[in-house]
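# Residue-level structural notes
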Amino acid sequence: MHVSCFCHSATHSLLLYHRVYSDDRPSKPAGPSAESMGNFDTGDTSNQGASPARENEMSWAMENAAMQEGGSPASSRSASPVQLPSDPRKGNYMGLRNQGSTCYLNSLLQCLFFTQELREVILSCDNCDSGIMYQLKKLFQKLKHNKSAPSTKGITKCLGVRNVHQQQDVVTYFRILMNKIVEEKEEIQLLYHVKMVHSITCHGCGQQTRIQQNPVLSLALSLDEYNSNSEVYSVHNALDAVQKVSEFIGDERFYCETCRSKQLATSRCYFQTLPQILVLNLKRYQFDVDQFKKLRYEVSVPFSLTVNSEEQPNTQYELFAICHHSGGIYGGHYVAEIKSFENDCWYSFDDTTVNKVQEEWDTSAKKSSTAYLLMYRKAACDAKPRRNPSRCGPDLNQADQHRLIWGTCDK
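Definitions and cut-offs
- Residues numbered from 1 in each chain as written.
- Predicted model: local features only at pLDDT ≥ 70, side-chain atom pairs only at ≥ 80, totals over all residues.
- Heavy atoms only, no water.
- Helix = DSSP H or I, 4+ residues; strand = E, 2+ residues; numbered from the N terminus.
- Buried < 20%, exposed > 50% of the residue type's maximum accessible area, 1.4 Å probe, protein only.
- Areas by Shrake-Rupley, 256 points an atom, 1.4 Å probe, with all protein chains shown as cover.
- Pairing = 2+ DSSP bridges.
- Axes fitted to C-alpha atoms, helices over the stretch in contact; angles between N-to-C directions.
- Phe/Tyr/Trp six-rings, centres within 6.5 Å; stacked < 30°, edge-to-face > 60°.
- Polar contact = N/O pair within 3.5 Å; in protein donor to acceptor, adjacent residues only side chain to side chain.
- Parallel < 35°, antiparallel > 145°, perpendicular 65-115°, else oblique.
- Contact = heavy atoms within 4.5 Å.
- Nonpolar A, V, L, I, M, F, W, Y, C, P; charged D, E, K, R; others polar.

Of regular secondary structure, the protein possesses 10 helices and 21 strands. Within the protein, buried positions represent 51% of all 411 residues. When the accessible surface of the protein is split by element, carbon and sulfur atoms take 44% of a total near 18,900 Å².

Here it is in structure tokens:
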């Protein structure tokens with residue numbers, strides 16, 4: 001896939017670190033959240049306070065350590081808003097002001113703003129005068145029309161963020177934010193839902209047991225299969241690992257209800273349905289001996305992705321957003337690289353700073369050791385809602401709602 005405006009610029013290797021001013025008594029840093037370690041249900045917000053990249057008030061010693069890793073500390077106080085009006089025809093876009101250590105939220109909100117399907121639903125919402133839909137609509141309007149970078153105070157207040165100087169995990173807050181949105185407009189979850197099936201086939205009688213898993217809004221990809229002696233690990237490899245076939249043998253044989261005995265069996269997971277927007281997060285945080293560590297492996301992120309599902313084989317996806325995290329467990333910074341659907345060019349969003357990526361790329365994938373959250377859009381689909389989502393009656397099943405709201409791919 002040729003990406004005309006994408007660039008592997010210095011942004012990727014020298015992502016700025018935020019200087020977080022510590023209190024007199026800094027709290028104990030938290031480890032990775034459950035969301036960064038694996039998949040979970042759409043309604044699970046029990047771990048809202050956890051984060052793999054949480055930065056509880058960094059000390060100057062921690063900041064110096066961050067500098068040695070290749071980053072340079074930068075206070076959000078020194079950043080000045082971009083003073084150009086937002087105009088996609090000229091490639092001018094607005095950044096977002098950092099409230100202290102909210103780069104994780106700024107990066108996420110920019111990714112959602114450039115999700116065309118979501119933006120159109122939010123901006124067309126006429127009956128939202130409070131709540132997260134109202135705050136997002138107000139923010140998106142400012143991103144479209146303001147001459148300076150807007151604040152995200154309305155969003156953080158709505159999400160219940162108590163300490164804006166404590167950085168959180170972007171994967172965790174993608175889930176928290178989407179859960180808030182779904183509470184007010186349930187149909188939006190159809191845009192992101194990934195449904196998987198776990199099947200076990202008995203070798204004795206041939207009977208297949210299907211276990212339908214709860215749908216998730218994003219899919220966590222393990223880096224456990226990474227081998228430093230082999231080629232660069234790819235998102236393709238991680239997706240294959242999710243659907244890996246395993247055998248029940250020896251003492252691990254499967255008890256078959258039909259055979260009434262333990263039998264050899266084959267187990268596998270596969271996609272039942274795939275969404276319009278496929279969100280993937282790389283599990284870069286791993287528990288090692290007695291502490292969490294960050295996996296800094298270089299991963300090949302393809303611009304084009306083919307995924308098979310039970311309902312639709314060979315589904316094509318195109319990359320349009322990456323959230324990067326540079327740093328470690330105790331310190332770091334988030335930036336986003338996003339392809340605009342308005343002009344097909346890539347941009348780097350670093351709080352208030354927005355840069356168009358100039359250098360052309362002719363390769364099929366981007367190699368990165370900082371890529372963390374990825375967003376793909378289903379290719380060759382009509383992304384515009386075909387009717388008002390609020391008019392979808394309760395008598396329609398989810399599949400019909402999905403077709404009416406988002407359209408389908410005809411291949």
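The rest of the description comes next.
Glancing now at unusual backbone geometry. The phi dihedral of Asn 314 is positive, around 55 degrees, even though this residue is not glycine. Here Asn 314 is to be found in the loop between strand 15 (304-307) and strand 16 (315-327). Although it is not a glycine, Asp 351 sits at a positive phi angle of roughly 55 degrees. Note that Asp 351 resides in the loop between strand 18 (346-350) and strand 19 (353-356). Taking relative accessible area as the criterion, Asp 351 reaches 9% and is therefore assigned buried.

Moving on to the sheet that holds strand 10 (residues 265-273). An order of 4-3-10-7 is seen for the 4 strands of this open sheet, with the pairing classed as antiparallel. A strand with exactly one partner marks an edge of an open sheet, and here the two such strands are strand 4 (208-212) and strand 7 (246-248). Along the sheet, successive strands turn relative to each other by an average axial angle of 30 degrees, direction set aside. Sheet analysis places strand 3 (residues 195-202) next to strand 4, joined by 5 bridges and oriented antiparallel. When the sheet's bridge partners are listed, Ile 200 is paired in strand 4 with Thr 209.

Pairing of strand 18 with strand 19 involves 4 bridges; the strand directions are antiparallel. Bridging across to strand 19, Phe 349 finds its partner in Val 354. Counted along the chain from strand 18 to the antiparallel partner strand 19, the turn is 2 residues long, and its residue Asp 351 has a positive phi close to 55 degrees.

With that out of the way, let us pick up the sheet that holds strand 14 (residues 299-302). Ordered by their spatial adjacency, 3 strands build an open sheet running 6-14-20, and the pairing between neighbours is mixed. In this open sheet, the two strands that pair with only one neighbour each are strand 6 (233-234) and strand 20 (365-368). For strand 6 and strand 14, the ladder comprises 2 bridges, and the chain directions are parallel. Bridged to Tyr 233 within strand 14 is Val 299.

This part is about the packing of aromatic side chains. Using the criterion set out here, one finds 11 aromatic pairs in the structure. Pairing Tyr 93 with Phe 114 gives two aromatic rings, centres 4.9 Å apart and planes at 80 degrees, and the pair type is edge-to-face. Here Tyr 93 is found in the loop between strand 2 (73-74) and helix 4 (103-113), whereas its partner Phe 114 is found in the loop between helix 4 and helix 5 (116-123), with 21 residues between them in sequence. On the basis of an interplanar angle of 75 degrees and a centroid distance of 5.8 Å, the ring pair of Tyr 285 and Tyr 372 is categorised as edge-to-face. Of this pair, Tyr 285 sits in strand 12 (residues 285-288) while Tyr 372 sits in strand 21 (residues 371-378); the two residues are 87 residues apart in sequence, bridging distant segments of the chain.

Attention shifts here to the side chain of Gln 168. Its location among the elements puts Gln 168 in the loop between helix 7 (153-159) and helix 8 (170-184). Residue classification places Gln 168 among the buried positions, given a relative accessible area of 5%. A distance of 3.1 Å separates the side chain of Gln 168 from the side chain of Gln 166, its partner in a polar contact.

Moving on, we get to the packing of helix 4 against helix 6 (residues 131-145). Any two packed helices are characterised by how steeply their axes cross, that is the angle between the axes, and by the distance between the axes. At a minimum axis separation of 11 Å, helix 4 and helix 6 run at an interaxial angle of 80 degrees. Taken as axis vectors, helix 4 and helix 6 run roughly perpendicular relative to one another. In this structure, helix 4 contributes Leu 109, Gln 110, Leu 112 and Phe 113 to the contact, and helix 6 contributes Leu 136, Leu 139, Phe 140, Leu 143 and Lys 144. Each residue belonging to the contact of helix 4 with helix 6 can be placed in one class, and the counts come to 7 nonpolar, 1 polar and 1 charged.

So yeah, pure geometry; function would need other evidence.
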